[in-house]
Each structure stands twice: as C-alpha cells, then as structure tokens.
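If you want the building blocks of each chain, they are given just below.
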Amino acid sequence: MDEYEQFLKKIQEGLLQKESEPDEVQQTTSRENLPRQKQSQQQQQPQREQQQHQASQKSEVLGSPSFQAVYDGICQGIRSSGTLDDIMKDFQALKTDLERVKYIAEMAEIKAMTLEENYAKKSEEDASNYEKVYEMLVPNEASASKALEVMKKCVQKTPVADTTNLALRYMKRAWASLLLEHFDDAKVDAKRSLSLNCPEDLLWNSFEILGYCSARIQDNKAAEHYFQNALENLRKSTVVNEIKATVAGRIMIVFKTVKAKKNKKVSKEEEERVKKRIPQVSHGPHEAFPSASSALDFLITEDRGRCTIAKKDIKPGDILMVDTPYCTMLNPESLSTHCYHCYTRCPTPVPCTSCAKVWYCSEECQVASWGGLHASECTVLNHLMDPGIGKMALLAYRVMTTIKWRGLQKWRRQIENLVEADVVEGEEFYMEEQSLGEAKHETSPGKPFTWEGKYNPRDYRTVLRLITNSTKRTFGDMFKRAITAVYLAHCLRLTGYFGPDDNEDNIIFAASLLLRHLQGGSCNAYEISEFDVGSEGIASTKMIEVGGALYTTISLTNHSCVSNTTRYSVGDKCVLRATRSISRGSEVFDNYGFHFYSVTVNERQEALFNQYKFKCMCEACKWAWPLYPHHPAETLIFRCPAPSCGGPCCYSSSSRSKCNMCGNQQQYTKFVQELELQLSSYRDALDKLRNDDPSSALPILLAHQAFLDRHVVEPVKHYTDIQEATKQCYNYLGNIHQLRQTITLAQPQYRPPPKLKAAPRKVVMHQ
Ligand SMILES: C[S@@+](CC[C@H](N)C(=O)[O-])C[C@H]1O[C@@H](n2cnc3c(N)ncnc32)[C@H](O)[C@@H]1O
C-alpha cells in the first residue's frame, strides 16, 4: 500500500467511524438513560449533564432516548414486574385514542423520558476531511465518480454560513461532474459556485467549466462568453504563470471552435416536462370530489365501508383519479439520492441549511421545504427516522405539522367530538354490522357517501376520517402505536409546535390525534414510486418505492386481488387508471400489492387481514384461482358470441369452426376471425414495447383489452399478460429513472485535452 492509499484509508476509516457513531452511542446512552423506576431529579441531572457534555464533543448531537429504547424499556419493565395481564386488561378496556395515550403518558418510563434534539449537524472538520479524500481521488480519472460522491458529502457537511468554502466545494463538485461528462450537473454547480462567495483568484475555474458545458450543447454564444470570462479572471489571478499558460492553452482550443460556430437551441428543463406529464381525469372532474373523475361515485356499504363505484361505463385506459397528497414523506433509503421536497433524483444536490441529513434538487426546493414542513422536524429528524419507530411515524408527524397547531385549534371542538366518541362516518355505519373482518358479499348496496362542500384532498378532515380499523387491532399493535404517538407528541413539543400553548393537556390531545393517524396511515398510506429502467430497457425494469403519502380520495377505493385499476406516481401526485372495462354500477377496485396470479390465496388473505383488517372475498379468493404458472396457456376461454348462448368456448390453434354448446357456425367463425386479427395486433404491441416504444404499444393494448373484456373468461394467461403489459406502459408515464447514457461528444474537440483533464484543476484550485 503506497503513501497515498494509506492516507486515503486512514481518512476513510475516520469518516466511516464518525458516521456510524451516532447509532451506537445513541443506543448506549438511551439504555443507560431509561430507568426501571422513575429516577429522582437529582439522580437524573448529572447523567444529563454528562450526556450534554459528550454530545458537545461530537459532530452530531445525540438526542436521547431513541424510540426503540423507550419501547424496549417499557416492555422489559412489564416483563420483569409480571404485570402484562393487568396492563392488557386495563388497556383493552379503553375506548378512545385519548384514553389510550393518557394511559401511556402515565407510565413511569414515559414520565422519566427527556427528549433532546437529535439531528445530523454540519461540521467543518468532517467537511475538510472529505475534501482531502476528494483531492486524492480527483487526479485519477477512474476515481471520478468516487470523487463526486465524496464531494457531495463534503458539501452537505459544510456549515452554511461559510459561503467561501461552499462556493469552492460546489466548484470542485462541478469539476468531478465534468470529468464524468455530466455536463448539466457540472453547469448547475459551477453557477452555484459563482452565485456564492467564490474567491476572485479561483473564479476562472467555474467560468471554464461553464464554457465546456455550453459548448457541449452547442450554445456557442454562451460558451464564448464564459471562456472570455475564464481567460480574463485567469489573467487577473495570482496562480503561477506555468499553470496560467496551461489552462489558457486548453481553453483556447475549444474557444476557437465555438467562436466559429452558430448557436443551437438549448433543451428545456426537466421540471417543465414533469409539470406537463400530470394528466387530467377522463370524463372531467367530479363536482364534489375534485381529484376524481365525474364517471365515479362514492358509497358507504355495510361490508366494505366507503367504496368507489362506476357511475357510467369505464373504458380500459380511462384516468379515474389524479390525487394530490395531504402530506408526503421521503423514505430513509432514498435520502442520498432523491430530493427531500419533490422526490425527483438529484444529481447536483443542495443540502439543508441546518442539517447534514437531507438533500434538495434545487435551491427552490430547499426553500420550499424549510418554509413547508422541514423546519418543524429538522432538529428531531433522527428520532423520527429511528429504524425502530416504523415508517408511519414520520407520515403521522407530518399530518400534524401540515395542519399546524393553529389549524387544529380551528377544528378542535369538532375533532374532540369525533375522536373521543370514536364516531367516524363510514366506520360507524358498518362497524356495528360487521363481524371482525368478515366481508359479507361483494355487491352489497350502500348509501351515498356525501361530503359537506368539496372533498378537498388538502382538507385535514379528509385525513381525520380515514378508516383506522381500531376495533380490530390487537393489544400489541395498539399499545406500540400509543407509545409511538406519545413519543411523537414529545418530538412536536421539542420543535416548539405548541407555541405558547405548550402544556400537558395539549400534548395529550396531539398524541391522541397522532395515534389516530398512525392507525389510519397503516391502512391508507400509499407509496410514491419511481419506475427504474435499467440499461436493458423494458427487460430490466423495476419499481422503486421512494416515499410515502396520504391520498384521501384514492383512499376511498377498496382492494381486490383481481383489481380493475392500477396506480402510478407523477411527481408527488398519484394517478389511478383503469386497466380493464368497468361497467356502470360496478365497484372500482385498487390492488394493495397482492395479486391473485402471484401470491397464493392463503398468503393474500393473511397479509390483507394483518395489515388491512378484512377478509377478501373477490372472485379469485372465492374460487381459489390458480397462480400464473398454472393458468391455461395456449387456450383462450371465451363466451360464445351468439346472444342466446354465451356459453364457454375454447380458442386454440386447433380451434373448431362452431360453438360446441349451441352449434352456431356463422357468428362463431366471424368472432374467431376478429380474434385472430386482434391477436396479431397484440403481438405487434408487444414488439413495440420490447423496442422501448410504450406510447405506440399502449393504444393497441387498450383496444385489445376492451375486446377481451367483452368476450374472454378469466383466469387465463393471455389476459394476465396483457394486464401486465398495459401496466408497464402506464409506468413509463409516471416518475421514471433511466440510467444515464454515456453520450459520445458530437465535437470531440470540446473535451478538454485528456492529459490536462484532472491535474491542473486539482493543483490550481488549492493555490
Ligand atoms: C384504503 S381504505 C379503503 C376505503 C375504506 N373502505 C373506507 O371506508 O374508508 C382500506 C380499508 O378498507 C377496507 N377494505 C378494503 N378493501 C376491502 C374489501 N375488499 N373488503 C372489505 N373491506 C375492505 C379495509 O378496512 C381496509 O383497511
């Protein structure tokens, strides 16, 4: 191992150690801090002081205790005192969420809990360590992508007030992007650097980067302007003459070329494209439910609660809902790749100005997020994203920070009536009738589900009325959620949520709502997804769950394992689209992730009951339809087209020429001819899809689907195939991530001469 490698290893080890410290220390201090019995104030004080001292020594303030530690402490306490039966009895006798959280708040462990802020802090020490690693990596072109990653971390850790260092580090990140030929990214960072407090001596770097980026897209006028600026600033700088000569030489090669060329139009921004891709609902919007199509209506049924019904015949492809989220959250796994505000990928991220945990795709998102929800969670984000607390915690917390304390006051009387009495429209109606999770039959009629005014997806009351299934929850489920709710209410308090109204009563009131939202979230939250198209196109696609959201209109759709719709995300919006024909009066069904063709009946029923608290009675569950591999393959079963017959007939390569039920020859033959034409255009559509042309494939697939819906009997492989192909086409219309293609430069001479690519940048930037 040479000197360079040793140094690199040492720094990397140091950094790695730093990064893993918070969790370890957090757990240790948490356990120490969690008393079996309530500790006296005097006992607690020195311990807290010691922790505070330790925390101030670290780059991250380690709040204590974590949710997991509180929960484990309570469980251990119950086990060791042998009081489980009593606690279960008492807790299960409680009727409302308010009573439940009051009970939890009285527990010794909760009373002794002292939460502190816990978030990833900025640190110049960490930032400059990352910068050192970058300096070692960047001269080697093969390490450019590592250099870029390291520089991202460096920027994230840089204290925001240090605008000189930030400017320098954005510029260095821009060089790394340029080395990787990520021209758009390099341009964004070079501009950021110029807009900050970049030392005059080094200004030429960003201008030079911008020159190459503009030349790359043949914006020759801009390139000329940037190169002139680069040369001018280079001349004024104090860098040694040898370097000046080298840099000027490489700039001149490209400068001469761009001067001789005409301009070409610059491509539009990605954001614009995303905006345009938000579709409109088919048939125009519903009067009272603006996120839904006017082709829908909403009922409350005895056995399935609120549900969505087709008011008129719906065609495959119809867009039935385009829903706005009440609130959203980014999954912890996507923190390093996606914008914390708009959920797009961010190759040139800007960090939060306060913490070193979240990224934004742009300064606009950074500002919008802070002005929106992040300011009220930034300092407790490590608590909210604690692995033990569960995904729903952050979403429930965000419901509260979206409505804000002032907003809650407006509805307080209404909320208290609703929550305390646990009377919720819809639940109230069918809870009385319904035995535990047992759906009666699919087509029971219902009464209309009405809403005073418009059912606005940004109205808090639509979230408040999401079904919670609280009467069907086990002791363990409800007990843990109640502890989570109280813990989250304390996090709210830490961030100053209650303002001057910070008192025990209000915290308990907020905790009761949090408990409601934790339950509601578990059976009503949806994913924000991204369709990931790998390097091999359609053959290598997968769906990624980037975040979670509450869509209160889409939440009015029930599940079927043979659903007639599918969902996809466009930005943070959710689109619900018909995958088959839905006749007037039939129910519109979503699928909660358990399809009849890929999950066995028993597994589906168990999973649906565990999470959503109902027993599915769809056709596939009732008749135990086989899994996909066991569907009839070569044969299509259809209904005889003769109106007086309608009996099942088989179509295969060795098909008959008349119906074997009624003997009708004429209509049968005509139908088979049409079917053969249909099958041939279906094969055409599949070819188009294979060749990455989903927009040409989709209309053919939809027409074929409508034909099958008129004639074919399920389950059959061909029908499932076309459903899947249609969903793939829809996915291309939503959030999508396509691997960066390495573009060969149209004018190779725009590339900085290879020998000079890395070295001068590195040397000169640190003069
Ligand atoms: C997203 S909500 C759907 C709307 C819900 N019915 C309501 O009243 O608000 C999910 C919940 O609806 C109920 N549900 C969904 N699909 C169902 C079905 N096929 N049969 C019975 N209940 C169902 C379950 O209580 C489930 O937890």
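On a predicted model such as this, the values are computed, not experimentally measured, just so you know.

Here we take up the overall build of the protein. When its secondary structure is counted, the protein shows 27 helices and 16 strands. By residue count, 43% of the 767 residues in the protein fall in the buried class. Pairs at least 24 apart in sequence give 72% of the contacts found in the protein among residues at least 6 apart.

What follows covers the pairing of strand β15 (residues 648–651). Burial along β15 is one-sided: the residues Cys649 and Tyr651 are buried and none of Pro648 and Cys650 is. Pairing of strand β14 (residues 636–639) with β15 involves 4 bridges; the strand directions are antiparallel. Counted as the bridge partner of Leu636 is Tyr651 from β15.

Moving on, we come to the UniProt feature "domain: MYND-type" (unreviewed entry) in the protein. The positions that UniProt labels "domain: MYND-type" (unreviewed entry) are, in the present scheme, residues 339–378. Measuring from the first to the last C-alpha atom of residues 339–378 gives 15 Å, for a span that is 22% helix and 10% strand.

Where helix α5 (residues 97–105) contacts helix α21 (residues 504–524), the axes come no closer than 8 Å and their chain directions differ by 115 degrees. Considering only the axes of α5 and α21, their crossing is right-handed. Facing Asp97, Leu98, Arg100, Val101, Lys102 and Ala105 of α5, the residues of α21 in contact are Ile508, Ala511, Ser512, Leu515 and Arg516. Among the residues forming the contact of α5 with α21, the class breakdown is 6 nonpolar, 1 polar and 4 charged.

This part is about helix α12 (residues 220–236). Here α12 spans 24 Å end to end across 17 residues, near enough to the 24 Å set by a 1.5 Å rise per residue. Looking only at α12, the buried set comprises Ala223, Tyr226, Phe227, Ala230, Leu231 and Leu234. One side of α12 carries all its buried residues, which in axial view fall inside an arc of 135 degrees. Exposed side chains of α12 directed beyond 90 degrees from the buried face belong to Arg235 and Lys236.

This part takes up the sheet that holds strand β4 (residues 327–330). In space, the 4 strands of this open sheet follow the order β4-β9-β8-β16, with mixed pairing throughout. Both edges of this open sheet fall to β4 and β16 (736–738), since each of them pairs with a single strand only. Within this sheet the neighbouring strands show an average axis-to-axis angle of 35 degrees, counted without direction. Sheet analysis places β4 next to strand β9 (residues 541–550), joined by 4 bridges and oriented antiparallel.

A few words on the nonpolar core. Soluble globular proteins: nonpolar side chains tend toward being buried together. Membership of the largest hydrophobic core comes to 102 residues, with the highest contact counts inside it found for Ala485, Val486, Leu488 and Leu514. Ranked by residues supplied to this core, first place goes to helix α20 (residues 475–494) with 10 residues. Sequence-distant contacts of Ala485, that is, excluding residues within four places in its chain, are made with Val101, Ala511, Leu514, Leu515 and Leu518. In this structure, Leu168, Ala176, Phe207 and Cys213 belong to the second largest nonpolar core, which totals 47 residues.

Moving on, we come to the site of the ligand. Around the ligand, 20 residues are found, and the nearest of them are Gly305, Arg306, Cys523, Asn558 and Phe614. Counting residues per element, the ones that place at least two in the shell around the ligand are β2 (305–310), α21 and β10 (558–559). With 3 residues, the top contributor of residues to the shell around the ligand is β2. Grouping the amino acids of the shell around the ligand by side-chain chemistry returns 8 nonpolar, 8 polar and 4 charged.

Our next topic: unusual backbone geometry. Note that the residue after Glu714, namely Pro715, is joined by a cis bond; omega there is -5 degrees. Note on placement: Pro715 falls in the loop between α25 (694–711) and α26 (717–731). The phi torsion at Glu181 lies on the positive side, around 65 degrees, for a residue other than glycine. Structurally, the position occupied by Glu181 is in the loop between α9 (163–179) and α10 (183–195).

Turning next to the environment of Ala485. Here Ala485 shows up in helix α20. Since 28 C-beta atoms lie within 10 Å of it, Ala485 is described here as buried. With 381 residues separating them in the primary sequence, Ala485 and Ile104 have C-alpha atoms 9.4 Å apart.

What follows concerns the sheet that holds strand β3 (residues 319–323). With antiparallel pairing, the 3 strands of this open sheet are ordered in space as β3-β12-β11. Every interior strand has two partners, whereas the edge strands, β3 and β11 (565–570), have only one. Taking the axes of each pair of neighbouring strands and ignoring which way they run, one obtains an average angle of 20 degrees across the sheet. Across 4 bridges, β3 lies against strand β12 (residues 573–578) in antiparallel orientation. Paired with Ile319 across the strands is Arg577, a residue of β12.

On to the environment of Ser193. Inspection of the secondary structure puts Ser193 in helix α10. Assessed through the 26 C-beta atoms surrounding it within 10 Å, Ser193 is described here as buried. Sequence separation between Ser193 and Phe207 is 14 residues; the distance between their C-alpha atoms is 9.9 Å. Not counting the four nearest positions on each side in its chain, Ser193 is found in contact with Ala167, Tyr170, Met171, Ala174, Cys198 and Ser206.

What counts as what
Residues numbered from 1 in each chain as written. Predicted model: local features only at pLDDT ≥ 70, side-chain atom pairs only at ≥ 80, totals over all residues. Helix = DSSP H or I, 4+ residues; strand = E, 2+ residues; numbered from the N terminus. Buried ≥ 20, exposed ≤ 12 C-beta atoms within 10 Å, placed from the backbone. Contact = placed C-beta atoms within 7 Å. Pairing = 2+ DSSP bridges. UniProt positions renumbered as here; feature names shortened; annotations may be inferred. Axes fitted to C-alpha atoms, helices over the stretch in contact; angles between N-to-C directions. Left-handed = near helix turned anticlockwise from the far one by under 90°. Nonpolar A, V, L, I, M, F, W, Y, C, P; charged D, E, K, R; others polar. Expected span 1.5 Å × (residues − 1). Arc of directions from axis to C-beta. Core = buried A, V, L, I, M, F, W, Y, C linked by C-beta atoms within 7 Å. Near = placed C-beta within 6 Å.

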